[in-house]
Amino acid sequence: MSESNNSARNVLIFGGANTGKTVYVLQLYGRLSDEGARLSLRHQPDDLSLIVAGFDRLSNGLPPEHTTTGASADVTLPVADASGRAFDVVYPDYAGEQVDDMVQNRQVSREWRSRVLAAPTWLVFLRLDHVHNPKDVVTTPPPADAPPVNGSQAPASALGDQAETVEALQLLLHTAGVGSATPVRRPTLAVVLSCWDELSIPSGTQPQTVLRDRMPLVEAFVRSNWQPDHTVIYGLSAQGKPLQPGTPDDEFIDQGPEAMGYVVCPDGSRDSDLTLLLHDVLERTPEDS
């Protein structure tokens, strides 16, 4: 980077496998060149290899390729708002399986520790149509005539995605040295509900309502642990529609990626400026961070 982190605050993008992080970064890069966007590039990123390759695929109506397991590199977008405040959007281009390993092993690598400590603003991506919540006796009671099951017969169940998400947030907070005695002010948190177009959500529905319905444990954890002014929940459809790996989409080719996608604001309204959610969470980040 040509500017040090002394002049720009970091924004960390975090999420598991296939949660839409890469597509958002690619589309965000395209929107940052739009004169009507709320944020703009301060200068071109030092390394555009990932962005160019991924944006070319979107321009050809194809989805970006999945990051190889074991790969890890940081892509940094140097942005500024209308008043000239500088921010560095840090997207670790990692396979989402690394997040699963981090939660399962309760260990944070030196790389991730450095990223977390440097970022007073977090964007956490969740893909609700991929959420797995194992059945339990509270939400799905067994039939009255079901035979009793002893401990040796009961199948082992994996930790549900809700619990894993809360574990991940707790692990990140612990790494950042943030306690739970008082509501969190730093880091400021944006929960991004990605692939919104695949959720069949009625127009005008507020993202917080959707998170509460689909992942109530996560919604309650965020609401209980963050100060209201320092957290926000957005919906996101970075592509506007799903793309198929082997079938180029004519609409994407004809209109270009920059015309596709939208964010769903906290009040349920939609906006085609994909920088909006980032601008909003940055507005909520304290100046002393």
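Small disclaimer: the values here were computed from a predicted structure and weren't measured.

Quick look at the overall build of the protein
Right, on to step 1. When you go through the protein residue by residue, the secondary structure sums to nine helices and nine strands.
Right, on to step 2. Per-residue burial for the protein yields a buried fraction of 48% across its 289 residues.
Right, on to step 3. Of the roughly 14,000 Å² of accessible surface on the protein, a fraction of 49% belongs to carbon and sulfur atoms.

Looking at the pattern of salt bridges
Right, on to step 1. Here the structure, examined in full by the defined rule, presents 13 salt bridges.
Right, on to step 2. Close ionic contact of Arg 85 with Glu 283 constitutes a salt bridge, the shortest N to O distance being 2.4 Å. Of the two residues, Arg 85 sits in the loop between strand 3 (72–81) and strand 4 (86–94) while Glu 283 sits in helix 9 (residues 276–284), which places them 198 residues apart along the sequence.
Right, on to step 3. With a closest N to O distance of 3.1 Å, Asp 249 and Lys 241 form a salt bridge.
Right, on to step 4. Given a relative accessible area of 15%, Asp 249 falls into the buried group.
Right, on to step 5. Among the charged side chains, a network of salt bridges with common partners joins Arg 38, Asp 271 and Asp 273.

Quick notes on the packing of aromatic side chains
Right, on to step 1. The tally for this structure, following the rule as stated, stands at three aromatic pairs.
Right, on to step 2. Ring centres of Phe 221 and Trp 226 lie 6.5 Å apart, and the angle between their planes is 70°; on these two criteria the pair is classed as edge-to-face. You'll find Phe 221 and Trp 226 in the same group, each marked buried.
Right, on to step 3. Here the guanidinium or amino end of Arg 115 rests over the ring plane of Trp 112, the centre of that ring lying 4.8 Å away.

A short note on the environment of Ser 269
Right, on to step 1. The residue Ser 269 is located in the loop between strand 8 (262–264) and strand 9 (270–271) in this model.
Right, on to step 2. Assessed through its relative accessible area of 32%, Ser 269 is described here as partly exposed.
Right, on to step 3. Separated by 64 residues in the primary sequence, Ser 269 and Thr 205 place their C-alpha atoms 8.1 Å from one another.
Right, on to step 4. In contact with Ser 269, not counting residues within four places along its chain, are Val 263 and Val 264.

Quick look at the packing of helix 5 (residues 161–175) against helix 7 (residues 216–225)
Right, on to step 1. Here helix 5 crosses helix 7 at 25°, and the two axes come no closer than 8 Å. Put simply, helix 5 runs roughly parallel to helix 7. Taking contact as the criterion, the partners of Gln 162, Ala 163, Thr 165, Val 166, Leu 169, Gln 170 and Leu 173 in helix 5 are, on helix 7, Pro 216, Leu 217, Val 218, Phe 221 and Val 222.
Right, on to step 2. For the contact of helix 5 with helix 7, the per-class residue count stands at nine nonpolar, three polar and no charged.

Overview of empty space enclosed by the protein
Right, on to step 1. Under the counting rule described, the total for this entry stands at one cavity of 30 Å³ or more.
Right, on to step 2. For the largest cavity, the calculated volume is near 30 Å³.
Right, on to step 3. Taken together, Trp 196, Ile 201, Pro 202, Ser 203, Gly 204, Thr 205, Val 264, Gly 268 and Arg 270 form the lining of the largest cavity.
Right, on to step 4. Residues that form the lining of the largest cavity fall into these classes: four nonpolar, four polar and one charged.

Here we look at the pairing of strand 1 (residues 9–15)
Right, on to step 1. For strand 1, the buried fraction is high: seven of the seven residues fall into the buried class.
Right, on to step 2. Residues Arg 9, Val 11, Ile 13 and Gly 15 of strand 1 are buried on one face, and the alternating residues Asn 10, Leu 12 and Phe 14, pointing to the opposite face, are buried as well.
Right, on to step 3. Across five bridges, strand 1 lies against strand 5 (residues 121–126) in parallel orientation. Within strand 5, the position partnered with Val 11 by the bridge is Thr 121.

Observations concerning the nonpolar core
Right, on to step 1. Counting 38 residues, the largest nonpolar core has Tyr 24, Leu 77, Val 89, Leu 123, Leu 236, Leu 277 and Leu 278 as its most contacted members.
Right, on to step 2. Element by element, the count of residues in this core is highest for helix 1 (residues 21–31), at six residues.
Right, on to step 3. Apart from residues lying up to four places away in sequence, Val 89 is in contact with Val 11, Ile 13, Leu 28, Val 75, Thr 76, Leu 77, Val 79 and Leu 278.
Right, on to step 4. Counting 35 residues, the second-largest nonpolar core is a separate cluster that includes Trp 112, Trp 196, Val 210 and Met 215.

Re the environment of Trp 122
Right, on to step 1. By secondary structure assignment, the location of Trp 122 is in strand 5.
Right, on to step 2. A relative accessible area of 1% means that Trp 122 is categorised as buried.
Right, on to step 3. Taking the C-alpha atoms as reference points, Trp 122 and Val 90, separated by 32 residues in sequence, lie 9.7 Å from one another.
Right, on to step 4. At 3.2 Å, the side chain of Trp 122 and the backbone oxygen of Ala 119 are in polar contact.

Rules used throughout
- Residues numbered from 1 in each chain as written.
- Predicted model: local features only at pLDDT ≥ 70, side-chain atom pairs only at ≥ 80, totals over all residues.
- Heavy atoms only, no water.
- Helix = DSSP H or I, 4+ residues; strand = E, 2+ residues; numbered from the N terminus.
- Buried < 20%, exposed > 50% of the residue type's maximum accessible area, 1.4 Å probe, protein only.
- Areas by Shrake-Rupley, 256 points an atom, 1.4 Å probe, with all protein chains shown as cover.
- Salt bridge = Lys/Arg side-chain N within 4 Å of Asp/Glu carboxyl O.
- Phe/Tyr/Trp six-rings, centres within 6.5 Å; stacked < 30°, edge-to-face > 60°.
- Lys NZ or Arg CZ within 6 Å of the ring centre and 35° of its normal.
- Contact = heavy atoms within 4.5 Å.
- Axes fitted to C-alpha atoms, helices over the stretch in contact; angles between N-to-C directions.
- Parallel < 35°, antiparallel > 145°, perpendicular 65-115°, else oblique.
- Nonpolar A, V, L, I, M, F, W, Y, C, P; charged D, E, K, R; others polar.
- 1 Å grid on protein atoms, 1.4 Å probe; cavity = no way out; pocket = protein on both sides within 12 Å on 5 of 7 lines; lining within 4 Å.
- Points joined across faces, edges and corners; volume = space filled by probe spheres on them.
- Pairing = 2+ DSSP bridges.
- Core = buried A, V, L, I, M, F, W, Y, C linked by side-chain atoms within 4.5 Å.
- Polar contact = N/O pair within 3.5 Å; in protein donor to acceptor, adjacent residues only side chain to side chain.

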